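Geometric and topological summary
One-letter residues, chain by chain:
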Amino acid sequence: ETICALFCVILTSDLYLTLIMEQSFALSSELTKAERYGEFLRQFEALVEGIDDEISVMANASAALREAFGFFWVGFYRVKGNELVLGPFQGSVACYRIKHGRGVCGTAWAQGQTVVVPDVEQFPGHIACSSLSRSEIVVPIFSAGENPEVRSVLDIDSEHYATFDDTDRCYLEELAAILSRTLY
């Protein structure tokens, strides 16, 4: 069962207001994958409303996705010049930089579309940041405006083969749209 609590503490000295928020993204295992994603997106959109700091939002997105779905590794790579640079993540240590068009992340960036890999060992040029990763999905996050460009990618790894499907793609692309509106 989803537990959400918002606690406000008002300190009267100097009329200082502090908000403390505790948000749990643990979702019921009785829900279908699509229902879990739907609930996740509803909660996540509320969590990031009015927040435009890229690092903060990506950090909470990584933590929330890992808590909600138990993924092996969840994180972001941000576009810096001609490479992707490691951003906030949850999981084991990761590669610092990935060149444009290299590996799953660089391919998603170059193509400007989501890449789903059922078996990372079968992906040409796969960059093995962890030998435990078996499947992967990478979703590009675009800038807003008339000429959108990839600004970052969401990278999720699983220690199981064929974890990701069209349901993941659909809802994670919706998450990417929320991140795009929020950050860029």
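The following paragraphs examine the structure supplied in this document. Note that this is a predicted model, so its numbers are computed, not measured. (Residues numbered from 1 in each chain as written. Predicted model: local features only at pLDDT ≥ 70, side-chain atom pairs only at ≥ 80, totals over all residues. Heavy atoms only, no water.)

A separate point is the pattern of salt bridges. Under the defined criterion, the tally for this structure stands at 8 salt bridges. Residue arginine 42 is joined to glutamate 39 by a salt bridge in which the shortest nitrogen-to-oxygen separation is 2.5 Å. Taken together, the positions of arginine 42 and glutamate 39, both in helix H1 (residues 33–48) and 3 residues apart, correspond to about one turn of that helix. Note that arginine 78 and glutamate 54 form a salt bridge whose closest N and O atoms lie 3.2 Å from each other. Of this pair, arginine 78 sits in strand S3 (residues 73–80) while glutamate 54 sits in helix H2 (residues 54–69), and the two are 24 residues apart along the sequence. A relative accessible area of 15% means that arginine 78 is categorised as buried. (Salt bridge = Lys/Arg side-chain N within 4 Å of Asp/Glu carboxyl O. Helix = DSSP H or I, 4+ residues; strand = E, 2+ residues; numbered from the N terminus. Buried < 20%, exposed > 50% of the residue type's maximum accessible area, 1.4 Å probe, protein only.)

With that settled, the discussion passes to helix H3 (residues 103–111). Turn by turn, an α-helix covers 3.6 residues, leaving residues three or four places apart pointing in a common direction. When you tally the buried positions in H3, you get 7 out of 9 residues, the bulk of the element. Among the structural elements, S3, strand S4 (83–90), strand S5 (97–99), strand S6 (115–117), strand S7 (135–142) and strand S8 (150–158) are those in contact with the buried residues of H3. (Contact = heavy atoms within 4.5 Å.)

With that settled, the discussion passes to the nonpolar core. The biggest cluster of nonpolar side chains holds 31 residues, and the ones touching the most others in it are Phe40, Phe44, Leu65, Leu154, Ile156, Leu172 and Leu175. Secondary-structure elements contributing two or more residues to this core are H1, H2, S3, S7, S8 and helix H4 (166–183). Per-element accounting of this core gives the leading share, 7 residues, to H2. If sequence neighbours within four positions are ignored, leucine 154 has contacts with Leu65, Val74, Gly75, Phe76, Ile137, Val138, Val139, Ile141, Leu172 and Leu175. In this structure, Trp73, Leu86, Ala94 and Val138 belong to the second largest nonpolar core, which totals 19 residues. (Core = buried A, V, L, I, M, F, W, Y, C linked by side-chain atoms within 4.5 Å.)

Our focus in this paragraph is the packing of H1 against H2. The geometry of H1 relative to H2 is characterised by a closest axis approach of 11 Å and an angle of 155° between their N-to-C directions. On the basis of their axis angle, the class for H1 and H2 is roughly antiparallel. The handedness of the crossing between H1 and H2 comes out as right-handed. Between H1 and H2, the contacting residues are Arg36, Tyr37, Phe40, Phe44, Leu47 and Val48 on the first element and Val57, Asn60, Ala61, Ala64, Leu65, Ala68 and Phe69 on the second. (Axes fitted to C-alpha atoms, helices over the stretch in contact; angles between N-to-C directions. Parallel < 35°, antiparallel > 145°, perpendicular 65-115°, else oblique. Left-handed = near helix turned anticlockwise from the far one by under 90°.)

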